[in-house]
Amino acid sequence: LFTTNENVKFENQKFLTSPINGKYDPFLIYTGSFEEIDKLLSVNRNFLSNIFAIAIVFIFCVFLYYLIFNFTFNYSKRTIARISLIGVFVFILFTPLVLNPFKKKESISKIENRKLKEKPEYRFSKEFFSEYEEYYNDNFIFRDALISMHTSLKTNIFRASPFPDKVLFGKNKFLFNNTQESYVSYSKRNLLPPDRLGMVVKTFTERKEALFNKGIKYYFGFFPNKETIYYEYLPKAMKIQIKDTISLATQLKVALAKKNFDFFDPTEQLLNAKKNSLLYLKLDTHWNNEGAYETYKSFFEYYQDLGIQPLSKNDFSIRYTNQTFGDLTKLMGTEKIYGYDESRPLFEVLNKEDTFKRLEVEDLPRLAIHTLNENIDNKQRVLFFGDSFSDNIVGFFSLHFNEVIYLRDSYNQAMVDKINPDIIIEIPVERFIYKHFPKFN
């Protein structure tokens, strides 16, 4: 029921993979039906696990029989109530243990959109018990249902996040990311000491010069965090965490300016544009098409040497779709919060002669996007290093270049050598800008 690409062979009931760019990249295509995949993924119930579960149930039943028929109750109502509570507590503790062997095995939590902890191999150590506790917490039966109930109660009734270390409720029906990476970014606790800042600046200036000598233009900058553009909607719990007055991106921008390095920063343009339009998604960490359009326009207006005139809004048709979820609602374990929704703009270029097409990306890293525009005179090839924020940029940047390859990666010399672009653009979102710095020992 599976077919493979040329890098995977199937011999003696085993998949044999070949390395691509030094990494193993198996690629399978499923050709069967959903009924068949259900059978393939069905749980192989271990006989010993079943025997253990049956033994636990049998012991519990014997204890219950003895309690009912051979025990004399001479206690007050208060004592009986206490014993009942203890019994309920013990029942709750043992229920997952008894029923877990019958639970369908899953590797991904659909409700939280993340990978679940895998069962660790036994070893007598402190680490094993910690790992096993994490595994058990991620895999006990009814977990998703209980999380969903808990999330629904807290979000719909109390307007509070069940996971404040991941998501927080802001003002004007905004949700904000509060994971560790986001926290150190919006709180401005990730500034670099002078020596490391100097190393970063040296790397970027030397890279730009080396690429220029090869005839390749290099542009670097960042896309602002949602917390930066909509600071006024942050909850108080986030505002009081802000430690400094400048961000890591601003620190880098100032340092690079001293070396005459043009650093792309669309913050001011977005702050002005938000007066007329919503630029970021309320229920998501990303921006919408309005925010991406304003940044696209800002980019080509800032880098006049590219000689590209950005399209105006009148060159696009804009339709709107209503959404009740985003990656932040999923982080909280829910698809919908009562009363919370948003209208998302979708841009489509009116002149069909300006459109581009997407190409196959079998020879490129995972999540890469490859576009080709044969309707323009500009024959330049662009290599774009970014992250998930770059996805909304595709519909605008690819209108102006013959070929654009978007990678979710930091600057990668191997990919530069392979693709041999005319232009390299490296723009991460603000909270991930540190991933594009040279590695420190």
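Computed from a predicted model, the values in this text were never measured in an experiment.

Caption draft 1: Quick peek at the overall build of the chain. In terms of regular secondary structure, the chain is built from 15 helices and 19 strands. Each of the 441 residues in the chain was classed as buried or not, and the buried ones make up 39%. Considering only intrachain contacts with a sequence separation of at least 6, the fraction spanning at least 24 residues in the chain is 69%. Total accessible area on the chain is roughly 26700 Å²; 56% of this is exposed by carbon and sulfur atoms.

Caption draft 2: Main features of unusual backbone geometry. With a phi angle near 60°, Asn260 is a residue other than glycine that sits in the positive phi range. Along the chain, the position of Asn260 falls in the loop between helix 10 (248–257) and strand 12 (263–264). Although it is not a glycine, Asn420 adopts a positive phi angle of roughly 55°. Residue position: Asn420 is located in the loop between helix 15 (413–419) and strand 19 (423–426).

Caption draft 3: Structural detail: the packing of aromatic side chains. Using the criterion set out here, one finds 48 aromatic pairs in the structure. The side chain of Lys166 reaches across the aromatic face of Phe163, ending 5.0 Å from its centre. Between the NZ or CZ atom of Lys435 and the centre of the ring of Phe432, over which it lies, the distance is 4.1 Å.

Caption draft 4: Structural context of the pairing of strand 16 (residues 369–372). Of the two faces of strand 16, the one lined by Ile369 and Thr371 and the one lined by His370 and Leu372 are each fully buried. Bridge analysis of strand 15 (residues 357–358) against strand 16 gives two bridges, and the strand direction is antiparallel. Bridging from a neighbouring strand, Lys357 pairs with Leu372 of strand 16. The pairing of strand 16 with strand 18 (residues 403–408) spans four bridges and is antiparallel. When the sheet's bridge partners are listed, His370 is paired in strand 18 with Ile405.

Caption draft 5: Structural view of the side chain of Asn402. Relative to the assigned elements, Asn402 resides in the loop between helix 14 (394–397) and strand 18. You can call Asn402 buried: its relative accessible area is 13%. Discounting chain neighbours no more than four positions away, the residues touching Asn402 are Thr371, Leu372, Asn373, Glu374, Ile376, Asn378, Lys379 and Gln380.

Caption draft 6: Local environment of the pattern of salt bridges. Applying the stated criterion across every chain yields a total of 15 salt bridges. Between Lys202 and Glu206 there is a salt bridge, with the nearest N and O atoms lying 2.7 Å from each other. Taken together, the residues Lys202 and Glu206, both in helix 7 (residues 194–213) and four residues apart, mark about one turn of the helix. Residue Arg344 is joined to Glu342 by a salt bridge in which the shortest nitrogen-to-oxygen separation is 3.0 Å. For the pair shown, Arg344 and Glu342 are each scored as buried.

Caption draft 7: Representation of helix 12 (residues 289–302). Along its 14 residues, helix 12 runs 20 Å from first to last C-alpha, staying within 8% of the 20 Å computed at 1.5 Å per residue. Counting buried positions over the 14 residues of helix 12 gives eleven, a clear majority of the element. Structurally, the start of helix 12 carries an N-cap: the backbone nitrogen of Glu290 is 3.0 Å from a side-chain oxygen of Asn288.

Conventions we followed
- Residues numbered from 1 in each chain as written.
- Predicted model: local features only at pLDDT ≥ 70, side-chain atom pairs only at ≥ 80, totals over all residues.
- Heavy atoms only, no water.
- Helix = DSSP H or I, 4+ residues; strand = E, 2+ residues; numbered from the N terminus.
- Buried < 20%, exposed > 50% of the residue type's maximum accessible area, 1.4 Å probe, protein only.
- Contact = heavy atoms within 4.5 Å.
- Areas by Shrake-Rupley, 256 points an atom, 1.4 Å probe, with all protein chains shown as cover.
- Phe/Tyr/Trp six-rings, centres within 6.5 Å; stacked < 30°, edge-to-face > 60°.
- Lys NZ or Arg CZ within 6 Å of the ring centre and 35° of its normal.
- Pairing = 2+ DSSP bridges.
- Salt bridge = Lys/Arg side-chain N within 4 Å of Asp/Glu carboxyl O.
- Expected span 1.5 Å × (residues − 1).
- Polar contact = N/O pair within 3.5 Å; in protein donor to acceptor, adjacent residues only side chain to side chain.

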